[in-house]
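Residue-level structure breakdown
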Amino acid sequence: MVPKVHEVAGNGDSGKSGVKGKKMRAFLEKVKRFPGLVWKTMWKVGKEDPKRVIHALKVGLSLTLVSLLYLMEPLFEGIGQNAIWAVMTVVVVLEFTAGATLCKGLNRGLGTLIAGSLAFFFEYIAEATGRVFRAVFIGAAVFLIGALTTYIRFFPCIKKNFDYGVVIFLLTFNLITVSSFRVNDVLKIAHERFYTIAIGCGICLLMSLLIFPNWSGEELHNSTVLKLECLAKSIEGCVNEYFKDDVIEETTDTSTDQDPLYKGFKAVLDSKSNDETMALHASWEPRHSRHCYRYPWQQYVKLGAVLRQFGYTVVALHGCLRTEIQTPISVRALFKDPCVRLAAEVSKVLTELSNSVRSRRHCSPGILSEHLQKALRDLNTAIKSQPRLFLGSDNGGSATNNMLALAAAHAASPRGGTPRRGDQPKQRHFSTSSHLSSVKTDSSALMEWKNKGDNQQQKMLRPQLSKIAITSVEFSEALPFAAFASLLVETVAKLDTVIEEVEELGRMASFAEFKENSCDHDDDNKVTVTCEAPKTPKTPKTPKIKVVQNQLPSNGAD
């Protein structure tokens, strides 16, 4: 017996060592793949937008320049230990776009200047008093300025444009005022600190405005064009996927991160804060365009809000692809041609709007073409030609009552709804009969049973009731398509609002007038949409949507 025990123990130790060995090999394999994964990620991020690489190089060059204040002896003797403030300023102020850098740089500079001037004024008043009164005066000044400044931050205008400057003002004022009580040469320290901050802000502005500038206004403009293209591709992709010849696969995984259609309209729905931030930063930028006039950046924000409202309809349209009740393919095929043509026309209109915004010209006066109206009329005619699919047959009510009676009879059985082996033929005959004389045939019988029955029977019957409710409604198979068609028509109705906002943007921004041959000069931006039915029964490809986000967190701490 003893040797067997040792043998079993030895087998357990070998099993544990085997598991540890597998974990160690898996860990070593991950370590080997880590450099390649990092390199692939770096290449992917830079390939998506080369301006990211340029911005990284600009930050590195700026930090190198401000580091010379420490590295070069003459500069270090003139500035001293406060040179570190120049490095901190570059790290905090230099942003991806010129507008963001201007906003933070000017806020930091003005906040430091005003705080230093006010602190010196209070110091001048406190010098004429005794030491005790000076301490009380400094404490009272810190309390009043701190409370008042914090309260001012809640003002909408201040919070929107100058919140960062107010924070810098509060920080600088307290540093100078409090330190002046113990330090005698605080004026010299404040001057050196202000100089270093000014040097850091100057380098940031130089890099942002003169060396490969990246304008927030251009980012907002391109983002609006991208959102219009995403909506166009999402609508056409949803309709193509809905009318595929094969049945839509039912997936238990609810994650939609890999769905290109979801990525497209998600970029539109999540753009509110991004649009407002870029519009704010664009308002700080100088007039750098060829015509040198001010762009209506807030109109871009309004257009983004309209596109989000349009995107909500696209989200609902996309939700019809994964509903629990699906319309049969044979029924969907009856309405495929008008729906596909209607989606193609809506996509064509959105693509034309994106091209007009991209090229800064007005859209065509006949953007709502006759083809769109014809597709709408054909869809309406196709729906009216199949009234039985949407209205159901006359015996629908009796079928529903029979189903309810069957549920009540099933629940009233002695075994709680589980029939005996000998009762199966009777139950089969009972379920197929059209007249149920022994059981109440209205919904009151079922309600009466539900009130009297115990919770266990109700739980057993709940799945059956849901299936009976679905299968008893004869027109339930056409309901998903009715919702889908209604949402598709809703996208057409919302096109007018989108076109109006784009036209208003063109009027306020002085876009060029539309010319018939204006699209011939820009072949790269020209998009051709064909509405013909495919000649071969191939499954239409889902359009790829590229979404690039360049906004970095700008809440840097000092």
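Remember, it's a predicted structure, so these values are computed and weren't measured experimentally. (Residues numbered from 1 in each chain as written. Predicted model: local features only at pLDDT ≥ 70, side-chain atom pairs only at ≥ 80, totals over all residues. Heavy atoms only, no water.)

What the protein contains, in helices and strands, is 22 helices and 0 strands. In the protein, which comprises 558 residues, the proportion classed as buried is 36%. Long-range pairs, those at least 24 residues apart, make up 84% of the contacts in the protein with a sequence separation of at least 6. Of the roughly 33,200 Å² of accessible surface on the protein, 61% is carried by carbon and sulfur atoms. (Helix = DSSP H or I, 4+ residues; strand = E, 2+ residues; numbered from the N terminus. Buried < 20%, exposed > 50% of the residue type's maximum accessible area, 1.4 Å probe, protein only. Contact = heavy atoms within 4.5 Å. Areas by Shrake-Rupley, 256 points an atom, 1.4 Å probe, with all protein chains shown as cover.)

What follows deals with the pattern of salt bridges. Applying the stated criterion across every chain, the model contains 19 salt bridges. Residues Arg153 and Asp163 are paired through a salt bridge, measuring 2.9 Å at the closest nitrogen-oxygen approach. A residue pair is termed long-range when its members are at least 10 positions apart, and Arg153 in the loop between helix H6 (131-152) and helix H7 (156-161) and Asp163 in helix H8 (residues 163-179) qualify at 10 residues. The class for Arg153 is partly exposed, based on a relative accessible area of 30%. Residue Lys227 pairs with Asp275 through a salt bridge whose shortest N-O separation is 2.4 Å. (Salt bridge = Lys/Arg side-chain N within 4 Å of Asp/Glu carboxyl O.)

Along its 23 residues, helix H15 (residues 336-358) runs 32 Å from first to last C-alpha, staying within 8% of the 33 Å computed at 1.5 Å per residue. Within H15, 18 of the 23 residues are buried, leaving the element largely enclosed by the surrounding structure. In the segment just after H15, Arg360 is the residue with positive phi, at about 55 degrees. (Expected span 1.5 Å × (residues − 1).)

Turning to the packing of aromatic side chains, a few remarks are in order. Within the structure shown, the criterion is met by 14 aromatic pairs. Each ring, one from Tyr242 and one from Phe484, has its centre 3.9 Å from the other, and the planes form 10 degrees; the classification is stacked. Of this pair, Tyr242 sits in helix H10 (residues 216-242) while Phe484 sits in helix H22 (residues 479-508), placing them 242 residues apart in sequence. Taken together, a centroid distance of 4.4 Å and an interplanar angle of 20 degrees make the contact between Phe335 and Phe481 stacked. A residue pair is termed long-range when its members are at least 10 positions apart, and Phe335 in the loop between helix H14 (329-332) and H15 and Phe481 in helix H22 qualify at 146 residues. The residues Phe335 and Phe481 share a single accessibility class, namely buried. (Phe/Tyr/Trp six-rings, centres within 6.5 Å; stacked < 30°, edge-to-face > 60°.)

The UniProt record marks residues 53-71, 83-103, 110-126, 132-152, 164-182 and 194-212 with the feature "transmembrane region" (unreviewed entry), using the residue numbering of this structure. As annotated, residues 110-126 has a helix share of 100% and a strand share of 0%, and its two end C-alpha atoms lie 24 Å apart. Secondary structure content for residues 164-182 is 84% helix and 0% strand, while the C-alpha to C-alpha distance between its ends is 28 Å. (UniProt positions renumbered as here; feature names shortened; annotations may be inferred.)

Now for the nonpolar core. As a rule of thumb, nonpolar side chains are buried together in soluble globular proteins. Counting residues in each nonpolar core, the largest one holds 57 residues, and the members touching the most others are Phe310, Val346, Leu350, Leu353, Phe481 and Val498. Every element with two or more residues in this core is listed here: H10, helix H11 (260-269), helix H12 (272-284), helix H13 (297-319), H15, helix H16 (370-384) and H22. Counting 11 residues, the second largest nonpolar core, distinct from the first, contains Leu69, Ala83, Ala86 and Ile203. (Core = buried A, V, L, I, M, F, W, Y, C linked by side-chain atoms within 4.5 Å.)

Before going further, it helps to examine H6. Helical geometry note: an α-helix holds 3.6 residues per turn, so side chains three or four residues apart project in the same direction. The end-to-end C-alpha distance of H6 is 31 Å, a good match for the 32 Å that 22 residues give at a rise of 1.5 Å each. Listed as buried for H6 are Arg134, Ile138, Ala141, Ile145, Gly146 and Thr149. One side of H6 holds all its buried residues, which, seen down the axis, span an arc of 120 degrees. Opposite its buried face, H6 presents the exposed residues Val132, Val136, Phe143, Leu144 and Tyr151, each directed more than 90 degrees away. In the core, the buried residues of H6 are packed alongside helix H5 (98-127) and H8. (Arc of directions from axis to C-beta.)

Among the surface-exposed residues, Leu61, Leu65, Leu68, Tyr70, Leu71, Met72, Leu75 and Ile84 lie close enough to one another that they form a single nonpolar patch of about 660 Å² accessible area. A per-element tally of the nonpolar patch places helix H2 (residues 51-71) first, with 5 residues. Tracing the backbone shows Leu61 in helix H2. (Patch = residues over 30% accessible without salt bridge, like charges linked within 9 Å, V, L, I, M, F, W, Y side chains within 5 Å.)

Our next topic: the packing of H5 against H6. Orientation of H5 relative to H6, taken along the N-to-C sense of each, is 155 degrees, at an axis distance of 10 Å. As summarised for this structure, H5 and H6 are arranged roughly antiparallel, according to the angle between their axes. Here H5 and H6 pass one another in a crossing that is right-handed. Side by side, H5 and H6 meet where Leu118, Phe122, Glu123, Ile125 and Ala126 of the first sit next to Arg134, Phe137, Ala141 and Ile145 of the second. When grouped by side-chain class, the residues that make up the contact of H5 with H6 number 7 nonpolar, no polar and 2 charged. (Axes fitted to C-alpha atoms, helices over the stretch in contact; angles between N-to-C directions. Parallel < 35°, antiparallel > 145°, perpendicular 65-115°, else oblique. Left-handed = near helix turned anticlockwise from the far one by under 90°. Nonpolar A, V, L, I, M, F, W, Y, C, P; charged D, E, K, R; others polar.)

Running from amino to carboxyl end, H5 crosses H8 at an angle of 35 degrees, the nearest separation of the two axes being 7 Å. Crossing geometry of H5 relative to H8 is assigned as right-handed. Counting all contacts with H5, which are made through Lys104, Asn107, Arg108, Gly111, Thr112, Ile114, Ala115, Gly116, Leu118, Ala119, Phe120 and Phe122, the residues of H8 involved are Tyr164, Gly165, Ile168, Phe169, Thr172, Phe173, Ile176 and Thr177. Broken down by class, the residue content of the contact of H5 with H8 amounts to 11 nonpolar, 7 polar and 2 charged.

So, about the state of the cysteines. Applying the stated criterion to the full structure yields 0 disulfides. Looking at the unpaired Cys320, the closest cysteine sulfur is the one in Cys238, lying at 8.9 Å. You can call Cys320 buried: its relative accessible area is 7%. (Disulfide = S-S within 2.5 Å.)

Take unusual backbone geometry next. If a residue is not glycine, its phi is most likely negative; likewise, a peptide bond is most likely trans. If you check the backbone angles, Arg360 has positive phi at about 55 degrees while not being a glycine. On the secondary structure map, Arg360 appears in the loop between H15 and H16. For Ser510, which is not glycine, the phi torsion reads 55 degrees and is therefore positive.

Time to look at the side chain of Thr149. Tracing the sequence through the fold places Thr149 in helix H6. Owing to a relative accessible area of 7%, Thr149 belongs among the buried residues under this scheme. Within the local environment of Thr149, its side chain forms a polar contact with the backbone oxygen of Ile145, the two atoms lying 2.6 Å apart. Apart from residues no more than four positions distant in its own chain, Thr149 is found in contact with Val166, Phe169 and Leu170. (Polar contact = N/O pair within 3.5 Å; in protein donor to acceptor, adjacent residues only side chain to side chain.)

A few words now on the environment of Leu495. Relative to the helices and strands, Leu495 resides in helix H22. Residue Leu495 is classed as buried on the basis of its relative accessible area, which comes to 0%. With 146 residues separating them in the primary sequence, Leu495 and Val349 have C-alpha atoms 8.2 Å apart.

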